[in-house]
Each structure stands twice: as C-alpha cells, then as structure tokens.
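# Structure at a glance
What follows is the residue order along each chain.
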Amino acid sequence: MDVVDVAFIQPIEHRPEPNVIVEAGGIPLIDLSPLLHPNDSTEAQRNELATKVGNACREWGFFHVINHGVPFDLQHRVEVAVKKFFGLASEEKRKVQRDEVNPLGYYDTEYTKNIRDWKEVFDFMVKDPTVIPASHELHDNELQELRNKWPDYPIELSEVCREYARAVENLSIKLLELVALSLGLPEKRLNGYFNHNNTSFIRLKHYPPCPAPHLALGVGRHKDGGALTILAQDDVGGLEVKRKIQGDWVRVNPIQGSFVINVGDIIQVWTNDKYESPEHRVMVNSKKDRFSIPFSLNPAHDNPSKYKEYNWGKFLKTRRLSNFKKLDAENLQIHHFKQSG
C-alpha cells in the first residue's frame, strides 16, 4: 500500500480521481499576433481581441494565449535553470529558505486550506526591492522592504528569471488593457494601479512524483488573489479548473508555446463578479516530475481610495428627497464622500 504523511491527505470529498480525467473542451485559445506589431494592428483587431478575452473571462475565467511575444528561447532557458535549482540537495535549497519575516525564496512545507501541498517552490518579486505593509492590521502604517534571495547555483538563475519577469510583466499589461477594453473602459484605465510599486511576483514550482496521487494534491483547491495569472507549464499536465455551471473538475491540458491565463480575485471584485476568479487545483502523478511557473500581476500596495464607500441607491434616495423640501444641511454631494488627506 502506498503511504504518504497524513498532513498531505485530502478530505474524502476533495480527493482527486487520477483514473477519471475529464478533458476541458472549450477553453478558449486566443492568438495575440496583432499585439506583436501594434503599429500595424487596427482598432478593429484590438476590439476583436478584447471581445474574445471578455468572453473567456466571463465564461471560464481561464484561457490560453499563443503568439504572445515572450521568446521561446527565454522560456527554455528559464526551464533549464529551474530544473537545475530543484535538482539540488535539500540542504542547498534551504540556504535560501523563506520564513515569516521574508516570504521570498525556497519552501517545501506549504499548506492550502490547511492541507499540505505535494510541491516545493521558490518565490521572487518582480520589483526588487518591493515595499509592502509590515502588518495586516488596518491602521498600522509601518512598511516592510522585501529583497529577493538567490542561490549561488545555478549562477544563471537570477539573471534569466529577471529577464523572464520583464517579459511576462509586459505581456500582463497588454492583457490587462484587453480586459479594460472588454469592459468598455479606456484601454489604459487600469494600468495606473500596477505602477513601479506593484507587488507582482513569480513562483517557480516543482511537483515530484507522488506515491499516492489519489490522496494528495500538488496544490489544493484555491483561487488566485491577484489580478491576472500567467502560467507556463510543462508537458506533463495536472492543472484542473472547476467548471462554473457543472461544478466538476476538468483538465487544462498543456499547449506547446502557449501560456494559461486566469482571472484573479482583484478582477472579480472590480467587475462585481462579471469576471469570476475560477477555482482550480493541481493533481500529481506517481511517475513524472512536473514543473510550472506562474506569474501573478498584483497592484501596488499603496493605492488608497479617494472616496469612502457609498451605496448608490441610498445616495439617489437622499438626493431625490431634497427635490421636495428644504433640508437643514447642504444637499448630499459626491464630495461629501471624499477622503481627507
């Protein structure tokens, strides 16, 4: 009998079924060729792309992109360096281990929904250093500076990862602009939230063969917290997404030369659930190593709202009330909700 530590075992209702793989037919495949040469593309082509992206976000929350502009050679060099790093002895990898103070670097004991994942990871920020709040407490204004940790070997890992980060970040902004157009917004309406202070990061992932793939998951069911995720995955496969209507798990098969894109929680909030962040998970297998590289597009930590939250219905009712009688105070105006400072 195959045995794994009890920490990895999923509850019965969430255990995978390795022998029952449902192929995900219908996940959109979007060709981004018009974005490669923007001076030669037409407004109609960009609007057509935006429509395709909008439909994919609304119906699936997941889609593939090809002809995305990230060079194949760069992707290959990253993959080679990643495999070299995860092939190191455990004591070498743990020299750059992350902790609660600095959550960057290597880690092999991560939990999703309180169940340990069958994986090891290496995290780094796209902007180095990156500044984030030092505390989760709402009124604590202290800031913390995060700096990437890089191993001594492979020596090319830091350089190729930084080059890759610039390329996928550039792609993410192009996709963000298509999302904005799909919502009827100006193309660059959302760009300002992802300025030079953004908190985007990349995670290198390795899923070793698992002796009990019917009990454990590489990553348990979850939704991504950022705006958009750009995933590079190898040809082994294992990513599954939960279909919105049927509620079943379907496999997102790798397509050579493509990235998998998914909507995150931020876009879901901004669109009031029009584009929903999809639940997904990663299955493991007993024979093959699997590698993947997700990039998470995240906004700057310091994007304070200029207005207090207000309910439009209540606002309208109050304004209309002032049409029929003189009030003791100034008629309600939007500037009354303006934040001070």
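Our subject is the structure that appears above.
Residues numbered from 1 in each chain as written. Predicted model: local features only at pLDDT ≥ 70, side-chain atom pairs only at ≥ 80, totals over all residues. Heavy atoms only, no water.

### A word on the sheet that holds strand β10 (residues 219-222)
Spatially, β10-β15-β12-β13 is the arrangement adopted by the four strands of the open sheet, whose pairing is antiparallel. In this open sheet, the two edge strands, each paired with only one partner strand, are β10 and β13 (249-251). Neighbour to neighbour, the strand axes of the sheet diverge by 20 degrees on average, direction disregarded. For β10 and strand β15 (residues 280-282), the ladder comprises two bridges, and the chain directions are antiparallel. Each bridged residue has a counterpart across the sheet, and for H222 the counterpart in β15 is H280. (Pairing = 2+ DSSP bridges. Helix = DSSP H or I, 4+ residues; strand = E, 2+ residues; numbered from the N terminus. Axes fitted to C-alpha atoms, helices over the stretch in contact; angles between N-to-C directions.)

### Structural notes on the packing of aromatic side chains
Inspection of the entire model under this criterion finds 10 aromatic pairs. With 5.0 Å between their ring centres and 50 degrees between their planes, F124 and W150 make a pair best called tilted. Taken together, the residues span a long stretch of sequence, with F124 in strand β6 (residues 120-125) and W150 in the loop between β8 (143-146) and α5 (157-182) at a distance of 26 residues. Here Y310 and F337 contribute two aromatic rings whose centre-to-centre distance is 4.8 Å and whose plane-to-plane angle is 35 degrees, an arrangement assigned as tilted. Of the two residues, Y310 sits in the loop between β16 (290-297) and α7 (312-321) while F337 sits in the segment after α7, which places them 27 residues apart along the sequence. For Y310, a relative accessible area of 36% puts it in the partly exposed group. On the accessibility criterion, F337 (16% relative accessible area) is buried. Taken together, the ring pairs in this structure connect F85, F86, Y106, F122, F124, W150 and F291 into an aromatic cluster. (Phe/Tyr/Trp six-rings, centres within 6.5 Å; stacked < 30°, edge-to-face > 60°. Buried < 20%, exposed > 50% of the residue type's maximum accessible area, 1.4 Å probe, protein only.)

### A look at the pattern of salt bridges
Tallying each qualifying case throughout the model produces 23 salt bridges. D117 is the partner of K119 in a salt bridge, and the nearest nitrogen-oxygen pair spans 2.5 Å. Accessibility classification places K119 together with D117 in one group, the buried group. Salt bridges here are not isolated pairs; linked through shared partners, they connect R98, E110, D117, K119, D123 and R203. (Salt bridge = Lys/Arg side-chain N within 4 Å of Asp/Glu carboxyl O.)

### As for the side chain of H206
You can see H206 is positioned in strand β9 (residues 201-207). Looking at H206, its side chain comes within polar contact range of the side chain of E120, at 2.6 Å. A distance of 2.6 Å separates the side chain of H206 from the side chain of D289, its partner in a polar contact. With residues up to four places along the chain from it excluded, the contact list for H206 reads F86, K119, E120, D289, R290 and F291. (Polar contact = N/O pair within 3.5 Å; in protein donor to acceptor, adjacent residues only side chain to side chain. Contact = heavy atoms within 4.5 Å.)

Take it as geometry only, folks, not as evidence of what the structure does.
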